[in-house]
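Letter by letter, the chains look like this.
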Amino acid sequence: KAGVTQTPRYLIKTRGQQVTLSCSPISGHRSVSWYQQTPGQGLQFLFEYFSETQRNKGNFPGRFSGRQFSNSRSEMNVSTLELGDSALYLCASSEPGGELFFGEGSRLTVL
Amino acid sequence: KQEVTQIPAALSVPEGENLVLNCSFTDSAIYNLQWFRQDPGKGLTSLLLIQSSQREQTSGRLNASLDKSSGRSTLYIAASQPGDSATYLCAVWDSGNTGKLIFGQGTTLQVKP
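Residues numbered from 1 in each chain as written. Chains lettered and ligands numbered in written order. Predicted model: local features only at pLDDT ≥ 70, side-chain atom pairs only at ≥ 80, totals over all residues. Heavy atoms only, no water.

**What to know about the interface of chain A and chain B**
Contacts between chain A and chain B engage 22 residues on the former and 21 residues on the latter. For the pair chain A and chain B, the summed buried area comes to about 1,700 Å², and 52% of that belongs to carbon and sulfur atoms. Joining chain A to chain B, the criterion identifies zero salt bridges. If you look at where chain A meets chain B, you find five residue pairs in polar contact (both at pLDDT 80 or more). Mapped by element, the contributors of at least two residues to the side of chain A that touches chain B are strand E4 (31-38), strand E5 (42-50), strand E6 (53-57) and strand E9 (87-94) of chain A. (Contact = heavy atoms within 4.5 Å. Buried area = accessible area lost by both parts, 1.4 Å probe. Salt bridge = Lys/Arg side-chain N within 4 Å of Asp/Glu carboxyl O. Polar contact = N/O pair within 3.5 Å; in protein donor to acceptor, adjacent residues only side chain to side chain. Helix = DSSP H or I, 4+ residues; strand = E, 2+ residues; numbered from the N terminus.)

**What about the state of the cysteines?**
Overall, the coordinates contain two disulfides over all chains when judged by the stated rule. Across the disulfide from cysteine 23 of chain A sits cysteine 91 of chain A; the S-S distance is 1.8 Å. Because the torsion about its S-S bond is -60°, the bridge between cysteine 23 of chain A and cysteine 91 of chain A counts as left-handed. Taken together, the residues cysteine 23 of chain A in strand E3 (residues 19-24) and cysteine 91 of chain A in strand E9 connect sequence positions 68 residues apart. A relative accessible area of 0% places cysteine 23 of chain A in the buried class. With a relative accessible area of 0%, cysteine 91 of chain A lands in the buried category. Between the sulfur atoms of cysteine 23 of chain B and its disulfide partner cysteine 90 of chain B the distance amounts to 1.9 Å. Residues cysteine 23 of chain B and cysteine 90 of chain B share a disulfide whose torsion about the S-S bond is about 65°; that sign makes it right-handed. Separated by 67 residues along the polypeptide, cysteine 23 of chain B in strand E3 (residues 19-25) and cysteine 90 of chain B in strand E9 (residues 86-93) bring together distant segments of the chain. Comparing cysteine 23 of chain B with cysteine 90 of chain B, the two get one shared label, buried. (Disulfide = S-S within 2.5 Å. Buried < 20%, exposed > 50% of the residue type's maximum accessible area, 1.4 Å probe, protein only.)

**Description of unusual backbone geometry**
A negative phi holds for most residues other than glycine; trans holds for most peptide bonds. In this structure, the amide linkage connecting threonine 7 of chain A to the following residue, proline 8 of chain A, adopts the cis form with an omega of -10°. Note that proline 8 of chain A resides in the loop between strand E1 (5-7) and strand E2 (10-13). In this model, isoleucine 7 of chain B is joined to proline 8 of chain B through a cis peptide bond whose omega is 0°. Along the chain, proline 8 of chain B falls in the loop between strand E1 (4-7) and strand E2 (10-14). Residues other than glycine seldom take positive phi values, yet serine 51 of chain A does so here, at roughly 50°. Along the chain, the position of serine 51 of chain A falls in the loop between E5 and E6. Among the residues examined, serine 51 of chain A registers a relative accessible area of 35% and is labelled partly exposed. Its identity as a non-glycine residue notwithstanding, threonine 80 of chain A has a phi of 45°, on the positive side.

**Considering the sheet that holds E3 of chain B**
Residue and element names in this part refer to chain B. One open sheet accounts for five strands, arranged E1-E3-E8-E7-E6; its pairing is antiparallel. A strand with exactly one partner marks an edge of an open sheet, and here the two such strands are E1 and strand E6 (56-59). Across the sheet, the axes of successive neighbouring strands diverge by a mean angle of 15°, strand direction being ignored. Sheet topology places E6 next to strand E7 (residues 62-67); four bridges connect them, and they run antiparallel. Paired with threonine 58 across the strands is asparagine 63, a residue of E7. (Pairing = 2+ DSSP bridges. Axes fitted to C-alpha atoms, helices over the stretch in contact; angles between N-to-C directions.)

**Concerning the nonpolar core**
Counting 24 residues, the largest nonpolar core has Leu33, Trp35, Leu75, Ile77 and Tyr88 of chain B as its most contacted members. Sorting the residues of this core by element identifies E3, strand E4 (33-38), strand E5 (44-50), E7, strand E8 (72-77), E9 and strand E11 (107-112) of chain B as the ones contributing at least two each. Beyond its immediate sequence surroundings of up to four residues, isoleucine 77 of chain B is in contact with Glu17, Asn18, Leu19, Leu21, Arg61, Leu62, Asp84, Tyr88 and Leu109 of chain B. Counting residues in each nonpolar core, the second largest holds 21 residues, with Cys23, Leu46, Tyr49 and Ala87 of chain A among its members. (Core = buried A, V, L, I, M, F, W, Y, C linked by side-chain atoms within 4.5 Å.)

Written as structure tokens, this is what we have:
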């Protein structure tokens, strides 16, 4: 079974731009959650989608948004990028109530 | 608000030692607890999931225990190897069947040959 796939793996943007990150979950997993990892704040929950519906949202500004498609693939978008958005963005998939499996992450650098 | 703490923040041991990593959480009403490993620049690899009704889980040289009443979990690594060098993270589930985890800051382990 293929693992969680995230694209792109690395990207560089400038302040004010927007970015879209993609996540393909493990086949059969309908829950996809997103996390931001920074050296200062550690791993913080962004949001979770289940069957195309946002089920949970973390404490992030509205510039951070996401969606999930009917095939369970998910995207997250960050608009009006700020320097502080530089981070490793991790996606995880799971069956309801089951173990979370993470992808390799998308490393975003904002200049 | 649930808070997760991992002690120590860093640990350096010679190869072959048995070691214990600690994780504590403030709200004992957790659902599940999961231990992860992260290598530099990589994603998280799941090590062990302890469900709310369980007290421990074992996988190879790893054993994780959970004591909800005291708000603690420990990860025991037997006969450590240089390949075990990584950051170990524990996370508690915020509620039932959702994918929202609250993470500790991690313990960075170095195993010296």
